[in-house]
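Report on the structure
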Amino acid sequence: RANERRLINVFPGCRRLVSLVKVIEKDDPECAYLNDQFLADMLVWYHLAWLGENVRRSDPRIKQWELKQNRYTYEDRRGLVALIGELVGSVIPRYRELAESGQIELSISPYAHPIVPLLIDLKSAREAMPGVHLPAADVYPDGVNRSKWHTERGLEVFEKFFGFRPQGCWPSEGAVSGPTLELMGTFGFRWCATGEQVLRRTLNAEENARPNIVHRPFSLNSNGPACFFRDDGLSDLVGFTYSEWHADDAVGNLVHHLENIATSCAHDRNAVASIIMDGENAWEYYPENGYYFLAALYQRLSNHPRLQLTTFSDVLRSGVKPERLARLVSGSWVYGTFSTWIGDKDKNHAWEMLGEAKSIYDQVMRSGSFPADRRAAVDQQLAICEGSDWFWWFGDYNPAEAVADFDRLFRIHLQRLYILLDQRPPGYLAHPLSRGRGASVGASTAESGGVMRRGKE
């Protein structure tokens, strides 16, 4: 439905696609209209509709294809693929140029996007969820070193493509704990970021009552990174609400909230409002992929007399001093807990399967007989299996179709890990782990489709 909505918005002629789907659903003989040319046109429409909004408005090739509407030729399709290749190839150089000019700041996440606090200690989930049911084995084997591996590898990849070492780290899903921040400090990160609810669970009632408590950085010790906390209210407005508003109204509302924060923090030299969200998911639900909202927002903020656009590193360089925390309750930007990745029976089962595979990996490596020239491939495969998105999707509240895909791929990757270790994969990897019973993948919102969460329940 999201694709149909966007296609029709860009190409009025694509209404034929919606009509055709309805015809096919009714098993009407007119579905003979589904010929090779129509399928080729539909493919071109799809890729044109999902190109970036700026390039769609500026590149004459795109304008020519949009005006053509149908009967696209082989040369048209090759030209479109070449254009997409140009755009993809320009991403890294454009981001590097923006970072070098100081217009943006780039940070890293650990390499394969694992939930680092859980790798370090599965029991850390109990800090925010005391009654949570954990996997049978509540320790992930040698998780500290695996967390170091992911961080080191993430830095290697970043420096390879951008040519410098980043100052900040967004731990996967904003998942933090005391040991996680200590680990990040050993790598020299100046800042990390996470969700507001992590701070709320850390502070007592009196501290939480302090005005604008979330609009300042904190740290656990003088040598560790400063920790910035997501303003859940502002971030969730952008992620879930403003897509239904007129762009000017949405921008006016957001700027009004920021002005109120600025007024409340007028005498606080350490004030900063952090809007943190999934950068890739929200915009497809906005008109024109968020073009009008983002253009108006940047214009208003860039010219605002009281609000200053900045980066976390620039905030710290400006002399802002993090406030000291005595402790930090482990959690993520999603509800301030790890409930999205552990505690459900299917998620726990997946952790048990991963833990068993990691134990076999450790045994093979300790034997000393595994060929050194194959170690890198095995480490890479293990890292894939440790990624967080497998656990995100497991559970009966997610769309069945998406759960089935992630379930199958997770088991395939575990099987491949065993094979690379010259071990026989367990028989249970041939059977589904999680089925899901939620809404269809075609659901009309990111929440019902399972791809996004709010910062608080």
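Above this note sits the structure.
One structure accompanies this document, and this report is about it. From a predicted model like this one, the values you see are computed outputs, not experimental measurements.

To continue, consider the overall build of the chain. Within the chain, the secondary structure is distributed over 20 helices and 5 strands. Taken across its 457 residues, the chain has 47% of its residues classed as buried. About 22700 Å² of surface is accessible on the chain, with carbon and sulfur atoms providing 52% of the total.

So, on to empty space enclosed by the protein. Following the criterion strictly, the structure yields 1 cavity of 30 Å³ or more and no others. Its volume calculated, the largest cavity comes out at about 40 Å³. A per-class count over the lining of the largest cavity returns 3 nonpolar, 3 polar and 1 charged.

This brings us to the pattern of salt bridges. Evaluated as defined, the whole model comprises 25 salt bridges. Taking the shortest distance from any N to any O, the salt bridge between Lys345 and Asp346 comes out at 3.1 Å. Salt-bridge contacts for Lys358 lead to Asp362; the nearest nitrogen and oxygen are separated by 2.8 Å. In this pair, Lys358 and Asp362 are both assigned in helix α16 (residues 345-367), 4 residues apart and thus about one turn of the helix distant.

Let's shift gears to unusual backbone geometry. Of note, Arg71 is a non-glycine position whose phi angle comes to about 55°, a positive value. Relative to the assigned elements, Arg71 resides in the loop between α5 (60-68) and α6 (74-100). Judged by its relative accessible area of 62%, Arg71 falls in the exposed class. You will see that Asn212, though not glycine, has its phi angle at about 55°, which is positive.

Over its 14 residues, helix α3 (residues 36-49) extends 20 Å from the first C-alpha to the last, a length consistent with the 20 Å expected when each residue adds 1.5 Å. Three or more residues of α3 are buried, namely Phe38, Ala40, Asp41, Val44, Trp45, Leu48 and Ala49. The buried side chains of α3 occupy one side of the element, clustering within an arc of 160° when seen end-on. The opening residue of α3, the one whose side-chain oxygen lies 3.2 Å from the backbone nitrogen of Gln37, is Asn35.

Judged by nonpolar contacts, the single largest core of 54 residues is most densely connected at Leu118, Phe228, Ile342, Trp351, Phe410 and Leu421. Broken down by secondary-structure element, the contributors of at least two residues to this core are α7 (116-120), β2 (191-194), β4 (226-229), α15 (312-317), α16, α17 (375-385), α18 (389-393) and α19 (400-420). If you tally residues by element for this core, the top one is α16, at 9 residues. In terms of nonpolar packing, the next biggest core, distinct from the first, is built from 25 residues, Leu155, Cys169, Leu181 and Leu203 among them.

The next point concerns the packing of aromatic side chains. For the structure on display, the rule yields 22 aromatic pairs. Three or more aromatic residues joined by ring pairs form one cluster here, namely Tyr140, Trp351, Trp390, Phe391, Trp393, Phe394, Phe406 and Phe410. Here the guanidinium or amino end of Arg146 rests over the ring plane of Trp149, the centre of that ring lying 4.7 Å away.

Before going further, it helps to spend a moment on the environment of Pro432. Structurally, the position occupied by Pro432 is in the loop between α19 and α20 (446-449). For Pro432, a relative accessible area of 44% puts it in the partly exposed group. Between the C-alpha atom of Pro432 and that of Asp407, which follows or precedes it by 25 residues, the distance is 6.6 Å. Excluding residues within four positions of it along the chain, Pro432 makes contact with Asp407 and Arg411.

Right, let's talk about a nonpolar patch on the surface for a bit. Residues Val91, Ile92, Tyr95 and Phe161 make up a contiguous nonpolar surface patch of about 320 Å² in total accessible area. The element that contributes the greatest number of residues to the nonpolar patch is α6, accounting for 3 residues. Along the polypeptide, Val91 turns up in helix α6. On the basis of relative accessibility, which here comes to 31%, the residue Val91 falls in the partly exposed class.

A word on the pairing of β2. Moving residue by residue along a regular strand, the side chains alternate between the two faces of the sheet. The alternating pattern of β2 places Trp191 and Ala193 and Cys192 and Thr194 on opposite faces, both of which are buried. As paired strands, strand β1 (residues 168-169) and β2 are joined by 2 bridges and run parallel to one another. Bridged to Gly168 within β2 is Trp191. With helix α9 (residues 178-186) bridging β1 and the parallel β2, this β-α-β connection has right-handed handedness. Here β2 pairs with β4 via 4 bridges, running parallel. From the neighbouring strand, Ala193 faces β4, where its bridge partner is Phe228.

Scoring rules and cut-offs
- Residues numbered from 1 in each chain as written.
- Predicted model: local features only at pLDDT ≥ 70, side-chain atom pairs only at ≥ 80, totals over all residues.
- Heavy atoms only, no water.
- Helix = DSSP H or I, 4+ residues; strand = E, 2+ residues; numbered from the N terminus.
- Buried < 20%, exposed > 50% of the residue type's maximum accessible area, 1.4 Å probe, protein only.
- Areas by Shrake-Rupley, 256 points an atom, 1.4 Å probe, with all protein chains shown as cover.
- 1 Å grid on protein atoms, 1.4 Å probe; cavity = no way out; pocket = protein on both sides within 12 Å on 5 of 7 lines; lining within 4 Å.
- Points joined across faces, edges and corners; volume = space filled by probe spheres on them.
- Nonpolar A, V, L, I, M, F, W, Y, C, P; charged D, E, K, R; others polar.
- Salt bridge = Lys/Arg side-chain N within 4 Å of Asp/Glu carboxyl O.
- Expected span 1.5 Å × (residues − 1).
- Arc of directions from axis to C-beta.
- Polar contact = N/O pair within 3.5 Å; in protein donor to acceptor, adjacent residues only side chain to side chain.
- Core = buried A, V, L, I, M, F, W, Y, C linked by side-chain atoms within 4.5 Å.
- Phe/Tyr/Trp six-rings, centres within 6.5 Å; stacked < 30°, edge-to-face > 60°.
- Lys NZ or Arg CZ within 6 Å of the ring centre and 35° of its normal.
- Contact = heavy atoms within 4.5 Å.
- Patch = residues over 30% accessible without salt bridge, like charges linked within 9 Å, V, L, I, M, F, W, Y side chains within 5 Å.
- Pairing = 2+ DSSP bridges.
- Right-handed = clockwise from strand over helix to strand, strands pointing away.

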